[in-house]
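# Coordinate analysis (summary)
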Amino acid sequence: MKTLIKATIIALLAIISTSCDFESTYDEDDAYYLFNGKTWSRIEESPHSYYYFVCYEFHNDGSYTYWFYEDDVRAPAPAFSIESGRWEVISHGHKDDIKLYGRGREDIYDVDDFLDGLSDHNSYSVIEDYKRTIDELYNY
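Residues numbered from 1 in each chain as written. Predicted model: local features only at pLDDT ≥ 70, side-chain atom pairs only at ≥ 80, totals over all residues. Heavy atoms only, no water.

### Details of the side chain of glutamate 57
On the secondary structure map, glutamate 57 appears in strand E2 (residues 50-58). Only 2.5 Å separates the side chain of glutamate 57 from the side chain of lysine 131, close enough to count as a polar contact. Setting aside chain neighbours within four positions, we find glutamate 57 in contact with Lys38, Thr39, Ser63, Tyr64, Thr65, Trp67 and Lys131. (Helix = DSSP H or I, 4+ residues; strand = E, 2+ residues; numbered from the N terminus. Polar contact = N/O pair within 3.5 Å; in protein donor to acceptor, adjacent residues only side chain to side chain. Contact = heavy atoms within 4.5 Å.)

What follows is the structure, given as structure tokens:
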């Protein structure tokens, strides 16, 4: 009888330990999580000569907002833009694409190519300063 109780306890512990080690549906390599709720930006600044900023803010509802600003002292005026649209990730086995669409057009990029030059570690305050500048120019 003691052997049967020990065997039952061991079997129950084995079941509990395997049930605690469940597989999460969150895959860190899944490209969807590179974008969902994240901000990717690129900032280039050369004092008194050139400023370049691009920022994609990907929202959880599948929409995105895009800010662009380029100011080169050799150009007559800064170029700027604010756009919005929808985004989705398309997986092809080992390859992922991001599809951006809005205002009657759609663009599909390889995820690695799209993220080349972008960062999710830029200073929040610098990003917000550029967004504010673009918003003021855009709504002027």
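### Topic: the side chain of threonine 65
Inspection of the secondary structure assignment puts threonine 65 in strand E3 (residues 63-72). A polar side-chain atom of threonine 65 sits 3.2 Å from a polar atom in the side chain of histidine 59. Discounting residues that sit within four places of it in the chain, threonine 65 has contacts with Cys55, Tyr56, Glu57, His59, Ile82, Glu83 and Ser84.

### Examining the packing of aromatic side chains
Tallied over the entire structure, the rule returns 16 aromatic pairs. With a centroid separation of 6.2 Å and an interplanar angle of 40°, the aromatic rings of phenylalanine 58 and tyrosine 64 are classed as tilted. With respect to class, phenylalanine 58 is no different from tyrosine 64; both count as buried. Aromatic ring contacts, followed pair by pair, group Tyr32, Tyr33, Phe35, Tyr56, Phe58, Tyr64, Tyr66, Trp87, Tyr109 and Phe114 into a single cluster. We note lysine 99 situated over the ring of tyrosine 101; from NZ or CZ to the ring centre the distance is 5.1 Å. The residue whose ring lies beneath lysine 131 is tryptophan 67, and the NZ or CZ to ring-centre distance is 4.2 Å. (Phe/Tyr/Trp six-rings, centres within 6.5 Å; stacked < 30°, edge-to-face > 60°. Buried < 20%, exposed > 50% of the residue type's maximum accessible area, 1.4 Å probe, protein only. Lys NZ or Arg CZ within 6 Å of the ring centre and 35° of its normal.)

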